[in-house]
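Next come the chains, spelled out residue by residue.
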Amino acid sequence: MNDPSIKKYVDVLFPHPPWQRFTYQIPDRFRHQICPGHRVLVPLGRRQMTGFVVDFIAHPGVEGLREIEEMMDPYPLLTPELLKLTHWISTYYLSSWGEVIKAALPPGVHRKNRLIIRFCGKKETDRKSLSENQRAVLEYVRKKGEISYEGLQKRFEKRNLRSILGALEKTEWIAVEHVLEKAGVGIRSEKWISLVREPESEDIQMLEKKAPRQAKMINDLVTAGGGVCRKDLKVDFSVIRKLEKKGWIEIGEKEIFRDAYADAHVRSPKSFRLTEEQKSALSKIGSALTKGKFGVFLLHGVTSSGKTQVYIESIRQILNCGKSALILIPEIALTPQAVQRYRGIFGEEVAILHSMMSLGERYDSWRKIREGKSKICLGPRSAVFAPLQNLGLVVVDEEHEDSYKQTDPAPRYHARDVAVIRGRMANCVVLLGSATPSIESYTNALTGKYTLCELKHRIDCVPLPQITLVNRSELLKKDQTRVFSPLLKERIQERLNKGEQVILLQNRRGYASFLQCQACGAIEPCPYCAISLTYHQKNYRLRCHYCGFEKAAPDGCVKCGGATLRYRGVGTQRVEEEVRKYFPQARFFRMDLDTTRRKGSHYRMVTQFEEGKADILLGTQMVAKGHDFPGVNLVGIISADTGLYFPDFRSGERTFQLLTQAAGRAGRRVCRGEVIIQTCSSDNAIIRFAMDQDYVGFYQWESERRKALHYPPWGRLIGVHFRGAIAETVDRAAHAFLDCIRPGDFFEWLGPVSSPLSKIKGIYRYQILFRGNKSKDPSGRFLRERIKQGVNDFYEKTDYRHVRIRVDVDPIDMM
């Protein structure tokens, strides 16, 4: 970066297009205040735009630069550390720096520029020179008088609207104006009534005689500690005004902090005795915390081994050092339980950030962290950008989870890997935890890049659950509609008779995966996606889980007219039907995307199940992650094969992790739990490793397969995806892109091919997978540079304007 002592010019980036830097002159009034990270208002063409200062420029090489118009905040929204981190993300993940800055800040703070079109009212005779499209647009604007560009787009979406507006503006039929919108979020305040002076008993007695309502209000204020919100005072405003005139009170504004979890039940911390394994792990981690040096620790602990307590003790130590801590969790759904646990110990030091909070709640939490009022931030992947000051510890719980990878929109970063980079930049400790670490992280631990800490035993030496495999294919030969094996049905009844709880996992929602005609075998596909429609029993609908299309389920085959349609595949709704049939007295919750759409619904189910208000919890992978239910002693996995045979080299790893994590919900307290796994692949190595709960064996087996194919972590991957409305055009664009890539001996590619999910929402999908050789390009820098240059050349040398390119560095999803 340039010398900050010479403050004459700055480079500004926008958190929206255009993505390139623009240089501006600093007015004298801002020269001693402005610094990188500040949000500023600047002119751009005829518009006013909000952008972010990213660097000082000593000699721009251009004269007559325009000035910054306004500094929009008292302090930089982006700290130097976050500015550096966002720049690294943009470089590594091949996205624009502006896109990363947008992702790093709470939504609502960015002020957008809107295009407003107004009718100017020329004579009717002048319209003869206009084209048919121009007349149609003009007539619509005339009727409206004034309309936004977005409003016109909805009405004339398939016409060349910008050129039409340009022609109409040039002939003065319309006026086009750029208007800067207000910020979508701000500080919330309420009227606050405060006592100016403490009343004497004589004052109260006198007021009670002459003005009893005034006396009562003063007594209420005294009881409330001298101040109260206006809306909480049940008195007329005239009473308030009279007391203000007499000098008893003053009326002001007080900021209201919006907290999404203000009403969350907070657990009182329990006395806890650390195990020897926990003490050993904390000794290694604590030494690094004390030194204040960067280091990454992988805490590999079996389920219910006390990993969370290691996090808590590490956070205690870093807070005592006067530093802050960041805790990442894999799912928003796990936030309520995590809030209970961490706020029960650290109280209001814990601030929460995630995308399901309202704009105001998220903004207030972000400011609380930025201003140093909260030293701990808790949240899913986007919380990796929390503006914590003096960061001392980053915790990534369940570090193996795919949900840490952002897919769309860009930047497509992996929060675990970004957390490690942030730890290195802040010179702090990064603690990764999992019962089933990712292959990449465990390899880093074995090669010495990370420090391995192991918790091999459960708390209080409770044994791991007993796991039994049931060959589901034998059951389906007798009855294809059967959901429960006799063994699973028997074990569920036994647990219910004892007053214990049961978790049932089926990682597919809906009633049936598809309806199939028994006569011709036809399956009803989604008209917009290359996928079958899923049958949902509620309202008898067929629904696409990718684009949302739905229709009434037909009475017969739409292809041959056959009257018999069969349900194929089992979803959570089908399992629910069986549960109600065989266990009618059981209290029951179903937890999947269909039942947890409303805010707080997941939290209510989890809390009520934890409190023993339900006997059976059925769900998708939501029920397998991170929950601690003391009453659960049986876990039933309806079909372990779901996802096992996906065309993705990580499908085996995901299946092993899901089965192991689900099994870990059973028997976490006193007695040994039991797990019944139903599968049609009882001889599959992945299923066997999960049954034996043998992570090391699985790691060795999976590693050999990946080494042979140079897949991560023994190779680097970059996926380049092509999207467009015409399949042939997308295919040609993908081949044209390859022509823009300069060959090298440090990488190879697979494709172009149609993606496994070849069409979604009417858009065709093709992909090329680039595989880098780590021995010749260890950091992957050369491969990223080739891809970046290839994208630039593609846009400059080809004319595939209607094909969108999507670059995914270190992809997780191959579909």
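Throughout, a residue's number is its position along its own chain's written sequence, starting from 1. Reporting in this predicted model follows two pLDDT cut-offs: at least 70 for local features of residues, and 80 or more for side-chain atom pairs to be given and counted; totals over whole chains, interfaces and linings ignore these cut-offs and use all residues. Side-chain figures throughout are based on the complete set of non-hydrogen atoms in the structure, without hydrogens or water.

Undergrad: Would you mind showing me how to read the pairing of strand β17 (residues 429–434) here?
TA: To sort residues, take the accessible area from a 1.4 Å probe on protein chains only and compare it with the maximum for the residue type: under 20% means buried, over 50% means exposed, and anything in between is partly exposed. Only DSSP runs of H or I with at least four residues qualify as helices, and only runs of E with at least two residues qualify as strands; both kinds are numbered from the N terminus onward. Burial runs high along β17: six of the six residues are buried. Of the two faces of β17, the one holding V429, L431 and G433 and the one holding V430, L432 and S434 are both buried throughout. By definition, two strands form a pair when at least two bridges between them are found by DSSP. Relative to β17, strand β12 (residues 295–301) is paired through six bridges, and the arrangement is parallel. Paired with L298 across the strands is L432, a residue of β17. Pairing between strand β16 (residues 391–397) and β17: five bridges, direction parallel. Residue pairing across strands places V394 opposite V430, the latter belonging to β17. A right-handed crossover is one whose linking path, passing over the helix from the first strand to the second, runs clockwise when the strands point away from the viewer. Each parallel crossover has a hand, and the one from β16 via helix α13 (residues 415–426) to β17 is right-handed.

Undergrad: Help me understand the pairing of β12, please; the structure alone is not making it clear to me.
TA: For a regular strand, side chains alternate in direction, first toward one face of the sheet and then toward the other. Within β12, seven of the seven residues are buried, which leaves the element mostly enclosed by the surrounding structure. Both faces of β12 are covered, namely the face carrying G295, F297, L299 and G301 and the face carrying V296, L298 and H300. As paired strands, β12 and strand β18 (residues 451–455) are joined by five bridges and run parallel to one another. Following the sheet pairing, F297 is matched in β18 by T451.

Undergrad: Would you mind going over the side chain of R723 with me for this structure?
TA: Its location among the elements puts R723 in strand β30 (residues 716–724). When charges are tallied, Lys and Arg are placed among the positive residues and Asp and Glu among the negative ones, while His and the ends of the chain are skipped. Whenever a carboxyl oxygen of Asp or Glu lies within 4 Å of a side-chain nitrogen of Lys or Arg, that contact is scored as a salt bridge. Buried within the structure, R723 lacks any salt-bridge partner; its nearest side chain of opposite charge belongs to D408, at an N-O separation of 5.8 Å. Excluding its chain neighbours within four sequence positions, the residues that come into contact with R723 are V730, S755, I763, Y764, R765, Y766, H802, V803, R804 and R806. By the convention used here, residues are in contact when the closest approach between their heavy atoms is within 4.5 Å.

Undergrad: Just to check I follow, could you spell out the sheet that holds strand β1 (residues 9–13) for this structure?
TA: For sheets, the rule is that strands pair by backbone hydrogen bonds, running either parallel or antiparallel. Spatial strand order, β2-β1-β4-β3-β5: five strands in an open sheet with antiparallel pairing. With one partner strand each, in any of the chains shown, β2 (22–25) and β5 (70–71) form the two edges of the open sheet. Strand direction decides the pairing type here: strand β3 (residues 39–44) and β5, joined by two bridges, are antiparallel. In the sheet register, L41 faces β5, and the bridge partner there is E70.

Undergrad: What am I meant to see in empty space enclosed by the protein here?
TA: Taking a probe equal in size to a water molecule and rolling it over the atoms shows the remaining empty space. Using a grid of 1 Å spacing that covers the protein atoms alone, one calls a set of points a cavity when a 1.4 Å probe fits there but cannot get out, and a pocket when the set is open and has protein on both sides within 12 Å along at least five of seven lines; lining residues are those with an atom within 4 Å of a point. Grid points are joined across faces, edges and corners, and a volume is the space filled by probe spheres set on the points. One pass over the full model with this rule turns up five cavities of 30 Å³ or more. Each pocket or cavity is described by its volume, and for the largest cavity that value is around 80 Å³. Taken together, A103, A104, L105, P106, P107, L353, R362, W366, S382, F385 and A386 form the lining of the largest cavity. For the lining of the largest cavity, the secondary structure elements donating two or more residues are α2 (97–104) and α12 (359–370). By volume, the second largest cavity is sized at about 60 Å³. Together, L505, Q506, N507, I637, S639, A640, T642, T655, L658 and L659 line the second largest cavity. Broken down by element, the lining of the second largest cavity gets its largest block of residues, three residues, from helix α19 (residues 651–663).

Undergrad: Would you mind showing me how to read the layout of surface pockets here?
TA: The calculated volume of the second largest pocket comes to roughly 1100 Å³. Surrounding the second largest pocket, 39 residues form its lining, R267, T308, R341, D628 and R669 being those nearest its centre. When residues of the lining of the second largest pocket are assigned to their parent elements, the largest contribution, seven residues, is made by helix α11 (residues 335–346). Under this grouping Gly is polar, as are all residues other than the nonpolar Ala, Val, Leu, Ile, Met, Phe, Trp, Tyr, Cys and Pro and the charged Asp, Glu, Lys and Arg. By residue class, the composition of the lining of the second largest pocket is 13 nonpolar, 13 polar and 13 charged.

Undergrad: So what exactly am I meant to see when it comes to helix α22 (residues 727–739) here?
TA: With 13 residues, α22 extends 19 Å between its outermost C-alpha atoms, agreeing within 8% with the 18 Å of an ideal straight helix rising 1.5 Å per residue. Those residues of α22 not exposed but buried are A727, V730, A733, A734, A736, F737 and L738. Buried residues along α22 sit against β30, β31 (747–760), β32 (763–772), α23 (781–797) and β33 (804–809). What a helix should span is 1.5 Å times the count of its residues minus one.

Undergrad: Would you mind showing me how to read the packing of helix α1 (residues 80–92) against α13 here?
TA: Relative placement of two packed helices is described by the angle separating their axes and the distance separating the axes. Fitting a line to C-alpha atoms yields each axis, with helices limited to the stretch in contact; the angle taken between N-to-C directions then spans 0 to 180 degrees. One can describe the packing of α1 onto α13 by two numbers: an axis separation of 10 Å at closest approach and a directional angle of 135°. By the criterion of interaxial angle, the relationship of α1 to α13 is oblique. In the packing of α1 onto α13, the handedness of the crossing is right-handed. Residue-level contacts link E81, L82, K84, L85, W88 and I89 of α1 to V418, I421, R422, M425 and A426 of α13. Looking at the contact of α1 with α13 residue by residue, the class counts come to eight nonpolar, no polar and three charged. Roughly parallel means an angle under 35 degrees; roughly antiparallel, over 145; roughly perpendicular, 65 to 115; everything else is oblique. The sense of a crossing depends on the near helix, which, turned anticlockwise from the far helix by less than a right angle, makes the crossing left-handed and, turned clockwise, makes it right-handed.

Undergrad: Before we go on, may I ask you to explain the sheet that holds β30 in this structure?
TA: The four strands are arranged β31-β32-β30-β33 in an open sheet whose pairing can be described as antiparallel. Strands with a single pairing partner mark the edges of an open sheet, and in this sheet they are β31 and β33. Mean inter-strand twist for the sheet, computed between neighbouring axes without regard to direction, equals 20°. Note: β31 against β32, eight bridges, orientation antiparallel.

Undergrad: Can you help me understand the pattern of salt bridges in this one?
TA: Pairing of side chains with opposite charge becomes possible as their charged atoms draw close. Scanning all chains against the criterion turns up 56 salt bridges. A salt bridge links E401 to K625, with the nearest nitrogen and oxygen atoms 3.2 Å apart. A residue pair is termed long-range when its members are at least 10 positions apart, and E401 in the loop between β16 and α13 and K625 in the loop between β27 (616–619) and β28 (632–637) qualify at 224 residues. A residue is classified by how much of its surface remains accessible, and K625, at 8% relative accessible area, is buried.

Undergrad: How do you make sense of the packing of aromatic side chains when you look at a structure like this?
TA: Describing an aromatic ring pair means giving the distance of the ring centres and the angle of the ring planes. Pairing of aromatic rings covers Phe, Tyr and Trp, the last counted by its six-membered ring, and requires centre-to-centre distances within 6.5 Å; plane angles under 30 degrees mean stacked, over 60 mean edge-to-face, and any other angle means tilted. Within the structure shown, the criterion is met by 28 aromatic pairs. The interplanar angle of 70° and the centroid separation of 5.7 Å between the aromatic rings of Y528 and F549 together place this pair among those described as edge-to-face. Placement of Y528 in the loop between β21 (514–517) and β22 (534–536) and of F549 in the loop between β23 (541–543) and β24 (550–552) is noted, with a sequence separation of 21 residues between them. A centroid spacing of 6.2 Å and a plane angle of 50° characterise the contact between F747 and F770, whose relative ring orientation is tilted. Residue F747 is located in strand β31, and its partner F770 is located in strand β32; the two are separated by 23 residues in the primary sequence. Take F747 and F770: they sit in the same class, and that class is buried. Counting every residue linked through ring pairs, the aromatic cluster contains F722, F737, F746, F747, W749, F770, F782, F794, Y795 and Y800. Positioned over the ring face of Y582 is K489, at 4.0 Å from the centre of the ring. Think of it as a cone above the ring: NZ of Lys or CZ of Arg counts as a charge over the ring if it is within 6 Å of the ring centre and within 35 degrees of the ring normal.

Undergrad: Could you clarify how one ought to interpret the nonpolar core in this entry?
TA: Buried together is how nonpolar side chains tend to be arranged in soluble globular proteins. For the purposes of this section, nonpolar cores are sets of buried Ala, Val, Leu, Ile, Met, Phe, Trp, Tyr and Cys residues that join through side-chain atoms within 4.5 Å. Within the largest apolar cluster, 109 residues are counted, with the highest numbers of intra-cluster contacts made by L326, L328, I637, F722, F737, F770 and I787. Of the residues forming this core, the biggest block, seven residues, is contributed by α22. In contact with L326, not counting residues within four places along its chain, are C377, A383, V384, A386, L388, L391, L393, V394, V395 and R422. Counting residues in each nonpolar core, the second largest holds 33 residues, with A264, Y311, L334 and V350 among its members.

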